[in-house]
Amino acid sequence: MEKRSSPGSESPTQIEHAAATEKGNESTFVAPTRSEEAAVIRKLDRRLLPLVFVLYSLAILDRSNLGNARLAGMVTDIDLSGNRYNLLGTVFYIFYICSQWLCMGWKQFSPHKWCAFCVLFWGFIATIQATAFNWGGLIACRGFLGIAEACFGPGVPLYLSYFYPRDKIGFRQGVFISGAAMANAYGGALAYGISQIRGSVAPWRILFIIEGAPTCLFAILVWFYLPDSIMEAPFLSPREKEIALHMTARNQRIDVDQQTGIRLKEMWEGMRDPKSWLPALMYFGVNVSYASLPLFVPTIISELGAFTTIQSQGLSAPPYILCFFTIISFCYLSDRLQMRGPFCALAATLGAIGFIINATCKGAGPRYFSIFLSVEIFASVALLLAWVANIHSTESRRAGAYTVLATVGQCGPLLGTNVFPISEKPYYRKGMWISAAFCLMVAVLSGVLSCWLIWENRKMDREGVPEVEEFEETSGGRAEDRNKKHRYVW
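1. Topic: the overall build of the protein
Part 1 of the argument: Secondary structure summary: the protein contains 22 helices and 0 strands in total.
Part 2 of the argument: Per-residue burial over the protein gives 62% buried out of 490 residues.
Part 3 of the argument: Taken as a whole, the protein presents about 18400 Å² of accessible surface, with 65% of it coming from carbon and sulfur.

As structure tokens, then:
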């Protein structure tokens with residue numbers, strides 16, 4: 001048997017260059033050095049990560065600014081009596097959940113065109129929320145916003161998996177998802193500033209305009225700047241494209257032939273794989289705990305009794321800044337150690353401790369401190385996105401698995417946005433205990449999935465499945481339908 005090179009090995013090997021594959025030819029490829037691989041990764045990072053980070057940050061900002069708009073005076077112009085405010089969040093998530101299958105647009109269509117459409121769509125809807133003059137108009141906007149954002153966010157992890165190897169995808173998913181934490185951080189600071197505006201237009205309407213309109217402009221940037229694939233990346237030289245393919249195809253298949261759209265059989269395999277459903281249940285638990293926080297944290301802080309409404313806007317930012325650094329740190333270490341489950345469980349446990357403190361204390365200091373811990377549950381999301389990419393070895397299988405993850409997981413906010421009713425203020429005990437319980441569920445399921453994958457890897461040891469497979473054995477082996485098993489990252 002031919003000896004397989006390890007990642008970053010400097011010994012030569014032969015792979016099929018993707019361009020030659022499409023022409024039915026075969027070319028000689030010299031394996032890259034570690035420095036060459038690192039240089040290509042840096043180029044990809046500079047091109048992709050800032051853009052997806054900013055876009056997701058804008059998406060979360062436009063999705064979760066209801067809490068800030070409420071404190072900025074929306075209740076004086078829009079009748080939010082009874083459970084009407086809670087229904088605004090619920091309707092968004094109903095439409096968002098029912099539209100999760102649209103994330104496959106990232107695989108079926110040219111990513112730069114699909115993404116530009118999504119960004120323009122949700123930016124327009126987010127902006128025209130400022131024109132709503134009654135509850136019916138606002139709830140219609142929230143429904144369409146749910147559809148628009150379902151086209152974008154759930155598909156970005158799939159898109160990133162086209163460009164990065166399995167052992168480096170975690171950090172990149174972390175940078176992407178940390179845009180949510182940063183949005184909630186500067187969203188509070190931005191709302192604090194906008195709340196000071198006095199003029200003919202209500203501050204809450206200005207809030208929607210300032211946070212929504214810039215998104216539309218980013219659609220133009222996406223159209224011209226976002227690459228569709230490695231082979232269509234104009235910022236990579238031919239040699240760098242070969243290196244990128246070599247890395248990305250290590251222990252997973254990539255589509256380099258004529259069929260680059262959805263492969264229905266593989267998609268279905270990903271959707272019915274039991275290992276797709278455990279992360280989905282974990283994602284559900286994370287969303288029950290986290291989804292309600294951006295909507296209610298400003299209100300909870302304002303009702304601690306020690307801060308004014310305006311101060312609570314600003315004080316809602318620091319916990320999310322800490323969460324941002326936690327996400328980046330956990331994902332970086334997860335890649336270095338090639339472990340997902342332990343870090344996912346740790347983030348969930350920290351979140352549970354925060355919710356328990358808030359449920360059992362009455363003092364403003366301990367309750368505010370607990371929010372710093374509660375938001376750490378969101379670090380689990382980035383780890384789950386990377387975990388799903390690691391579990392499934394083909395692009396279409398990942399498309400199916402991400403659809404399951406998002407559809408099941410996004411049902412969590414339907415519960416999460418309704419466990420903090422006004423009648424429970426100022427302590428919201430029930431919501432805190434429910435959130436803590438779901439955090440602990442995420443920690444337990446992380447351990448279960450890790451043990452399952454360790455068992456699967458040991459089974460592959462006995463079957464002689466190699467630890468490292470390169471382009472010829474993964475993507476090159478697709479035609480013969482061989483080498484379908486690849487090692488799991490647990």
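2. Looking at a nonpolar patch on the surface
Part 1 of the argument: Where nonpolar side chains cluster on the molecular surface, the patch consists of Leu 217, Ile 220, Trp 223 and Phe 224 and spans about 500 Å² of accessible area.
Part 2 of the argument: Looking at the secondary structure, you find Phe 224 in helix H10 (residues 203-225).

3. Some details on unusual backbone geometry
Part 1 of the argument: Although it is not a glycine, Gln 338 sits at a positive phi angle of roughly 55 degrees.
Part 2 of the argument: Checked against the element boundaries, Gln 338 lands in the loop between helix H16 (317-337) and helix H17 (341-360).

4. Focus: the environment of Val 381
Part 1 of the argument: Here Val 381 is to be found in helix H19 (residues 379-391).
Part 2 of the argument: Expressed as a C-alpha distance, the spacing of Val 381 and Asn 287, which sit 94 residues apart in the sequence, is 8.8 Å.

5. Quick word on the pattern of salt bridges
Part 1 of the argument: Tallied over the entire structure, the rule returns 11 salt bridges.
Part 2 of the argument: Its salt-bridge partner being Arg 397, residue Asp 273 comes within 3.1 Å of it at the nearest N-O pair. Linking Asp 273 in the loop between helix H12 (264-272) and helix H13 (274-290) with Arg 397 in helix H20 (residues 395-409), this pair joins segments that are 124 residues apart in sequence.
Part 3 of the argument: Of the residues examined, Arg 397 reaches a relative accessible area of 16% and is grouped as buried.
Part 4 of the argument: One continuous salt-bridge network, built from bridges that share partners, spans Glu 269, Asp 273, Lys 275 and Arg 397.

6. Description of the side chain of Asp 335
Part 1 of the argument: Mapped onto the elements of the fold, Asp 335 is located in helix H16.
Part 2 of the argument: The class of Asp 335 is buried, set by a relative accessible area of 9%.
Part 3 of the argument: Excluding residues that lie within four positions of it along the chain, Asp 335 makes contacts with Asp 167, Lys 168, Ile 169, Gly 170, Phe 171, Arg 172 and Arg 340.

7. Focus on the packing of aromatic side chains
Part 1 of the argument: Applying the stated criterion across every chain yields a total of 21 aromatic pairs.
Part 2 of the argument: Each ring, one from Tyr 368 and one from Phe 372, has its centre 5.3 Å from the other, and the planes form 85 degrees; the classification is edge-to-face. Placement of the pair is Tyr 368 and Phe 372 together in helix H18 (residues 364-374), with a separation of 4 residues, close to one helical turn.
Part 3 of the argument: Linked through ring pairs, Trp 106, Trp 122, Phe 152, Tyr 159, Tyr 162 and Phe 163 together constitute an aromatic cluster.
Part 4 of the argument: Against the face of Tyr 96 rests Arg 63, its NZ or CZ located 4.8 Å from the ring centre.
Part 5 of the argument: Taking the ring centre of Phe 133 as reference, the NZ or CZ of Arg 205 above it sits at 4.4 Å.

8. Remarks on the packing of H16 against H19
Part 1 of the argument: Axis separation between H16 and H19 bottoms out at 9 Å; the angle between their running directions is 35 degrees. Considering how the two elements wind past one another, H16 and H19 form a crossing that is right-handed. In this structure, H16 contributes Thr 326, Ile 327, Phe 330, Cys 331 and Ser 334 to the contact, and H19 contributes Ala 379, Ala 382 and Leu 383.
Part 2 of the argument: Considering only residue class, the contact of H16 with H19 consists of 6 nonpolar, 2 polar and no charged.

9. Focus: the nonpolar core
Part 1 of the argument: Formed by 124 residues in total, the largest nonpolar core has its most connected members in Phe 152, Tyr 164, Ile 177 and Ile 327.
Part 2 of the argument: When residues in this core are grouped by element, the largest group, 14 residues, is from helix H2 (residues 34-64).
Part 3 of the argument: Among residues more than four places away in sequence, those in contact with Ile 327 are Gly 174, Ile 177, Ser 178, Ala 181, Phe 378, Ala 379 and Ala 382.
Part 4 of the argument: By size, the runner-up hydrophobic cluster in this structure holds 21 residues, among which are Ala 72, Tyr 85, Ala 130 and Ile 206.

10. Focus on the environment of Ile 230
Part 1 of the argument: Position of Ile 230 among the secondary structure elements: in the loop between H10 and helix H11 (238-248).
Part 2 of the argument: Sequence-distant contacts of Ile 230, defined by excluding residues within four places in its chain, comprise Tyr 162, Phe 163, Leu 236, Lys 241, Ala 244, Leu 245 and Thr 248.

11. Some points on the state of the cysteines
Disulfide: a covalent bond connecting the sulfur atoms of a pair of cysteines.
Part 1 of the argument: Going through the model one piece at a time under the given rule, you end up with 0 disulfides.
Part 2 of the argument: No disulfide involves Cys 118; its sulfur sits 4.6 Å from the nearest other cysteine sulfur, which is in Cys 151.
Part 3 of the argument: Relative accessible area serves as the criterion here: at 0%, Cys 118 is assigned to the buried category.

12. Brief notes about the confidence of the model for the protein
Part 1 of the argument: Overall, the predicted model of the protein reaches an average pLDDT of 83, with 87% of residues at or above 70.
Part 2 of the argument: Ignoring residues within four places in sequence, the model shows residues 1-26, a span with pLDDT below 50, making 52 contacts including any to other chains.

13. Some points on H17
Owing to its 3.6 residues per turn, the α-helix aligns residues three or four sequence positions apart on the same side.
Part 1 of the argument: The terminal C-alpha atoms of H17, which comprises 20 residues, lie 29 Å apart, in line with the 28 Å expected from a rise of 1.5 Å per residue.
Part 2 of the argument: Along H17, the positions that sit buried rather than exposed are Gly 341, Phe 343, Cys 344, Ala 345, Ala 347, Ala 348, Gly 351, Ala 352, Gly 354, Phe 355, Asn 358 and Ala 359.

14. Details of the packing of H17 against H19
Part 1 of the argument: One can describe the packing of H17 onto H19 by two numbers: an axis separation of 8 Å at closest approach and a directional angle of 160 degrees. Taken as axis vectors, H17 and H19 run roughly antiparallel relative to one another. The chirality of how H17 crosses H19 is left-handed. Contacts from Gly 341, Phe 343, Cys 344, Ala 347 and Ala 348 of H17 reach H19 at Ala 379, Ser 380, Leu 383, Leu 384 and Trp 387.
Part 2 of the argument: In terms of residue class, the contact of H17 with H19 is built from 8 nonpolar, 2 polar and no charged.

Calculation criteria
Residues numbered from 1 in each chain as written. Predicted model: local features only at pLDDT ≥ 70, side-chain atom pairs only at ≥ 80, totals over all residues. Heavy atoms only, no water. Helix = DSSP H or I, 4+ residues; strand = E, 2+ residues; numbered from the N terminus. Buried < 20%, exposed > 50% of the residue type's maximum accessible area, 1.4 Å probe, protein only. Areas by Shrake-Rupley, 256 points an atom, 1.4 Å probe, with all protein chains shown as cover. Patch = residues over 30% accessible without salt bridge, like charges linked within 9 Å, V, L, I, M, F, W, Y side chains within 5 Å. Salt bridge = Lys/Arg side-chain N within 4 Å of Asp/Glu carboxyl O. Contact = heavy atoms within 4.5 Å. Phe/Tyr/Trp six-rings, centres within 6.5 Å; stacked < 30°, edge-to-face > 60°. Lys NZ or Arg CZ within 6 Å of the ring centre and 35° of its normal. Axes fitted to C-alpha atoms, helices over the stretch in contact; angles between N-to-C directions. Left-handed = near helix turned anticlockwise from the far one by under 90°. Nonpolar A, V, L, I, M, F, W, Y, C, P; charged D, E, K, R; others polar. Core = buried A, V, L, I, M, F, W, Y, C linked by side-chain atoms within 4.5 Å. Disulfide = S-S within 2.5 Å. pLDDT = per-residue confidence, 0-100. Expected span 1.5 Å × (residues − 1). Parallel < 35°, antiparallel > 145°, perpendicular 65-115°, else oblique.

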